Amino acid sequence: ISAAFDILKQADLFVGLDTSIKHLAALAETPIVEINLGPSDFKKTGAFLADVWNWSPQVPCAPCGHGQKCTQTSLKCVESLEVATVLNLIEKSLL
């Protein structure tokens, strides 16, 4: 964990999911682009810093229950995420 923290302290940006590493990036005060899929809910577990950009799917089933099997025929939250959206958030966060 200390090696990851050292890397995050030097990073210009962290892009990732709602994980422990995201929270370590927040502790390192590294700007964050957070992708919220499945049960991830930035309102509950987000990194509450000025330099955080959140993306959450706009699908009726999101966020779902933690540990719950997806009720959809496919992972609608994942399918709604486009590369262009992530690149746009990265671009905005680095301005």
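Treat the numbers as computed from the prediction; the structure is a model and nothing was measured.

Rules used throughout
Residues numbered from 1 in each chain as written. Predicted model: local features only at pLDDT ≥ 70, side-chain atom pairs only at ≥ 80, totals over all residues. Heavy atoms only, no water. Pairing = 2+ DSSP bridges. Helix = DSSP H or I, 4+ residues; strand = E, 2+ residues; numbered from the N terminus. Axes fitted to C-alpha atoms, helices over the stretch in contact; angles between N-to-C directions. Contact = heavy atoms within 4.5 Å.

A.B. asks: Just checking my understanding: could you explain the sheet that holds strand E1 (residues 14-17) for this structure?
C.D. replies: Backbone-to-backbone hydrogen bonds pair the strands of a sheet. The strands run either parallel or antiparallel. Spatially, the 3 strands line up as an open sheet ordered E1-E2-E3, and their pairing is parallel. Where the open sheet ends on each side, the last strands, each with one partner, are E1 and strand E3 (52-55). Strand-to-strand twist in this sheet, taken as the mean axis angle between neighbours without regard to direction, amounts to 15°. Examined bridge by bridge, E1 and strand E2 (residues 32-35) share 4 bridges and lie parallel to one another. When the bridges of E2 are listed, Leu17 appears paired with Ile35. The sheet strands contacting helix H5 (residues 83-93) are E1, E2 and E3, and the helix crosses E3 at an angle near 165°.

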